[in-house]
Amino acid sequence: MSNFQPFCGERIALVGLGRAGLPAARRLADWGAEVTCWDDRPEGRAAAEAAGLAVANPAEGAFRWDALLLSPGIPHLLPRVHPAAAAARAAGRPILCDVEYLYRAVRAAGSAARFVGITGTNGKSTTTALLHHMLRHGNIASEVGGNLGPAALSLNMLCDGGLYTLEMSSYMLERLVTVRFNTAVMLNLSPDHLDRHGDMAGYAAAKARVFAGQRPADLAVLGMDDAGSRALRSAACGRLVPISGESFQPGGVWAVGPLLQDESGPLLDLGEATSLPGSHNAQNAAAAAACALDLGLTRAAVAEALRSYPGLPHRQERVGTIRGVAFVNDSKATNADSAARALASYDRVVWIAGGEAKEGGIESLAPFFPRIARAVLIGRDAPALAATLAAHGVPHEIAGTLDAALPAAAAAAFAGGAPVVLLSPACASWDQFTGYDARGDRFRDLVTALTQGRAA
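We now turn to the structure provided with this report. Note that the coordinates shown come from a computational prediction; the quantities given were computed from them, not determined experimentally.

### Digging into the nonpolar core
Right, so step 1: By size, the foremost hydrophobic cluster in this structure holds 53 residues, and its most contacted members are L28, V99, Y101, Y164 and F181.
Right, so step 2: Of all the elements, helix α4 (residues 98-108) adds the most residues to this core, at six residues.
Right, so step 3: Excluding residues that lie within four positions of it along the chain, F181 makes contacts with F115, V116, G117, L166, M168, L173, L176, V210, Q214 and D218.
Right, so step 4: Of all hydrophobic cores here, the second largest spans 41 residues; its members include M134, I140, A286 and A288.

Structural data, given as structure tokens:
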């Protein structure tokens with residue numbers, strides 16, 4: 001497809017040259033578009049120039065492009081309109097994400113490859129990776145990416161039988177125009193990113209866009225374990241398949257206790273799926289299974305894929321066991337709802353938490369406080385978390401940094417406090433790390449060093 005140029009003559013301004021932006025610029029240029037790049041960071045602009053791409057600020061002067069491809073992390077409305085977005089809106093031009101261009105290119109190539117979009121406040125990365133793992137077990141050509149990575153415009157072009165399995169954030173969903181997901185998954189909904197979406201209604205509306213454009217023959221998988229997700233039932237116009245990690249769902253896929261099942265019978269005792277602990281992961285497994293079965297996988301292939309799924313880093317990742325104490329890296333838990341899912345998976349823990357707290361802090365975790373033998377707090381909002389824990393009588397201390405917290409938590413666990421040390425911060429990581437992944441990597445390094453009896 002060396003002569004494939006579906007965007008020949010189109011003028012695209014691309015702002016944000018990070019992990020997804022620069023590959024998108026290269027791909028769109030290869031596909032015939034006239035791409036002009038911009039990044040607010042000088043090093044981003046330098047990378048574009050080194051790649052032979054045109055660089056100019058689309059916020060300066062008249063907006064002369066047909067569309068703006070804006071990095072998902074850059075706001076186009078709230079909390080502050082980026083100048084390039086303001087210019088595009090003033091000119092009446094669409095603001096898009098890279099998945100929109102991938103979809104248009106695939107259709108322009110004449111391919112009927114199917115698109116699977118997976119979203120939810122929590123669990124979308126696990127469900128996306130798990131479904132991709134199942135599809136590979138079923139020998140179905142699948143490209144996986146989106147918010148999970150790699151970027152959409154880094155993925156290979158697929159023929160009619162292929163599948164794009166894409167993790168979709170709310171930031172990406174609100175920048176789609178023509179995309180139709182043949183299979184759409186909405187896992188759960190709880191408050192997050194409210195500064196970006198204005199309020200809970202705005203956030204819910206962005207998430208509901210995963211169902212936009214679907215037709216009656218398409219599959220709409222909807223989580224039933226929280227009121228927010230259930231309320232989106234009316235947005236689903238495809239074939240609705242309810243899923244749950246907790247209760248029976250007529251016509252759906254669900255788990256009661258460890259048994260994953262549908263109306264045809266049991267699929268697997270999830271005790272055999274060791275990388276998927278807890279009812280939240282049971283719901284993730286139900287969602288992936290619902291998709292895989294609808295896409296033609298056998299029940300045996302689904303069960304075997306669940307057993308062999310290795311899990312993702314930073315999502316209840318067991319990184320070591322020392323003196324009978326398990327050390328679990330759940331650094332991806334950047335909000336209280338996600339941390340609740342981890343805390344619910346263990347009877348007794350020493351809990352490492354803290355960072356930049358989201359709205360509401362950790363008050364919603366009070367039902368799980370009896371499981372916490374001791375909390376060791378880190379980061380900017382440790383004092384606020386300590387006040388909540390003190391009000392509920394939970395033993396705690398402020399360690400400040402993760403390097404100080406790990407040995408303190410280990411000592412508490414070794415003294416008989418609990419069989420698990422759980423890093424599930426319930427907070428963003430930006431105050432001390434470049435992201436949740438860097439925080440989780442540091443935790444893993446500290447545990448490895450503790451195992452080897454050395455300093456990390």
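Here the narrative resumes, following the displayed structure.
### Regarding the packing of aromatic side chains
Right, so step 1: Taken as a whole and assessed by the stated rule, the structure comprises eight aromatic pairs.
Right, so step 2: Taken together, a centroid distance of 4.8 Å and an interplanar angle of 25° make the contact between F115 and Y164 stacked. Of this pair, F115 sits in strand β6 (residues 114-119) while Y164 sits in strand β8 (residues 163-167), and the two are 49 residues apart along the sequence. For the pair formed by F115 and Y164, the shared burial category is buried.
Right, so step 3: Each residue in the set F4, F7, W31 and Y101 is aromatic and connected to the rest through ring pairs, giving one cluster.
Right, so step 4: The cationic tip of R196 hangs over the ring face of Y171; the distance from NZ or CZ to the ring centre is 3.8 Å.
Right, so step 5: Above the ring of Y436, the side-chain terminus of K332 is found at 5.4 Å from the ring centroid.

### Observations regarding the sheet that holds strand β5 (residues 95-96)
Right, so step 1: Within the open sheet, the five strands sit side by side as β3-β2-β1-β4-β5. Their pairing is parallel. In this open sheet, the two edge strands, each paired with only one partner strand, are β3 (54-55) and β5.
Right, so step 2: Alignment of strand β2 (residues 34-38) against β3, held across two bridges, turns out to be parallel. Along β3, the bridge assignment pairs T36 with A54.
Right, so step 3: Lying over the sheet, helix α3 (residues 83-90) contacts β1 (11-15), β4 (67-70) and β5, oriented at roughly 155° with respect to β4.

### A short note on the sheet that holds strand β21 (residues 420-423)
Right, so step 1: Across the sheet, six strands lie side by side as β15-β16-β21-β17-β19-β20; this open sheet has mixed pairing. A single partner strand is all that each edge strand has here, and the edge strands are β15 (317-322) and β20 (396-400). Ignoring strand direction, the axes of neighbouring strands in this sheet form an average angle of 20°.
Right, so step 2: Note: strand β19 (residues 372-378) against β20, four bridges, orientation parallel. Across the sheet, the residue bridging to V376 is E397, located in β20.

### Considerations on unusual backbone geometry
Right, so step 1: Residue P79 is bonded to the preceding L78 through a cis peptide linkage, with omega at -5°.
Right, so step 2: Structurally, P79 is set in the loop between β4 and α3.
Right, so step 3: Although it is not a glycine, Q316 adopts a positive phi angle of roughly 45°.
Right, so step 4: Checked against the element boundaries, Q316 lands in the loop between α11 (299-308) and β15.
Right, so step 5: Even without glycine at this site, R323 takes up a positive phi of about 50°.
Right, so step 6: For R323, the position within the fold is in the loop between β15 and β16 (325-329).

Conventions we followed
- Residues numbered from 1 in each chain as written.
- Predicted model: local features only at pLDDT ≥ 70, side-chain atom pairs only at ≥ 80, totals over all residues.
- Heavy atoms only, no water.
- Core = buried A, V, L, I, M, F, W, Y, C linked by side-chain atoms within 4.5 Å.
- Buried < 20%, exposed > 50% of the residue type's maximum accessible area, 1.4 Å probe, protein only.
- Helix = DSSP H or I, 4+ residues; strand = E, 2+ residues; numbered from the N terminus.
- Contact = heavy atoms within 4.5 Å.
- Phe/Tyr/Trp six-rings, centres within 6.5 Å; stacked < 30°, edge-to-face > 60°.
- Lys NZ or Arg CZ within 6 Å of the ring centre and 35° of its normal.
- Pairing = 2+ DSSP bridges.
- Axes fitted to C-alpha atoms, helices over the stretch in contact; angles between N-to-C directions.

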